[in-house]
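What follows is each chain in one-letter form.
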Amino acid sequence: MSRRAGELEKWREFLKEFRIHLEATRSSPREIVRTLGKQNAFTDSPGIQALRSAFEMDSSFSRCLGRALEGKGLLPETVPILMNLADVVGARPLEEQLSALETAELLMAREGAAARERSRQYGGLCQRLGVLLGLMAVVILA
């Protein structure tokens, strides 16, 4: 549960960095994703790396996002948020792209907060249940 919250936080940070790079450099989405995907903060994120590898073959954000979704490296919470970006990033005026990225960043932050709350509520319960099942297995096998 806490890994899921961490992955959502990485996506939020990725979208923030993407928006900043786009605004500052006005580079193509392909270049931005390739640059950000190499940063240490994002190298252990399977979803971001799936998006980065999809850009090796194509330069269309929507097609690369579709390829990344096929790879199943994305969390279910990230899919609708990223799909909202598919028709905007690289296809609309800069202001619309920046606005869509900022909205996606806020939605990802909301999902991350909800995941952290679920982890807080149910994390201890899952740990206690695991310990209890482990002890029960020891008693049964002994």
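Here the structure is a predicted model, which means the values were calculated and not measured. (Residues numbered from 1 in each chain as written. Predicted model: local features only at pLDDT ≥ 70, side-chain atom pairs only at ≥ 80, totals over all residues. Heavy atoms only, no water.)

Describe the nonpolar core, naming the residues involved and giving the relevant values.
Formed by 35 residues in total, the largest nonpolar core has its most connected members in W11, F14, L15, F18, L51, L82 and L85. Among the secondary structure elements, those contributing two or more residues to this core are helix 1 (2-25), helix 2 (29-37), helix 3 (46-54), helix 4 (61-70), helix 5 (78-86) and helix 6 (94-141). (Core = buried A, V, L, I, M, F, W, Y, C linked by side-chain atoms within 4.5 Å. Buried < 20%, exposed > 50% of the residue type's maximum accessible area, 1.4 Å probe, protein only. Helix = DSSP H or I, 4+ residues; strand = E, 2+ residues; numbered from the N terminus.)

Hey, could you go over the environment of E13 for me, with residue numbers and the actual values?
Note on placement: E13 falls in helix 1. On the accessibility criterion, E13 (24% relative accessible area) is partly exposed. Along the primary structure E13 and F42 are separated by 29 residues, whereas in three dimensions their C-alpha atoms are 9.1 Å apart.

Requested: an account of the packing of helix 1 against helix 3, with residues and values cited.
As a packed pair, helix 1 and helix 3 sit with axes 9 Å apart at the nearest point and diverge in direction by 45°. Taken together, helix 1 and helix 3 sit at an angle that is classed as oblique. Contacts from E7, K10, W11 and F14 in helix 1 reach P46, G47, I48 and L51 in helix 3. Within the contact of helix 1 with helix 3, the residues separate by chemical class into five nonpolar, one polar and two charged. (Axes fitted to C-alpha atoms, helices over the stretch in contact; angles between N-to-C directions. Parallel < 35°, antiparallel > 145°, perpendicular 65-115°, else oblique. Contact = heavy atoms within 4.5 Å. Nonpolar A, V, L, I, M, F, W, Y, C, P; charged D, E, K, R; others polar.)

An account of helix 4 is needed here, citing residue identities and associated values.
Side chains three or four residues apart in an α-helix point the same way, a direct result of the helix having 3.6 residues per turn. Here helix 4 has its buried residues at F61, C64, L65 and A68. The arc enclosing the buried residues of helix 4, seen along the axis, measures out at 100°, which places them on a common side. (Arc of directions from axis to C-beta.)

So what about the side chain of T78? Which residues, and what values?
Along the chain, the position of T78 falls in helix 5. For T78, a relative accessible area of 0% gives the class buried. Dropping the residues within four chain positions of it, T78 is found in contact with L8, W11 and M108.

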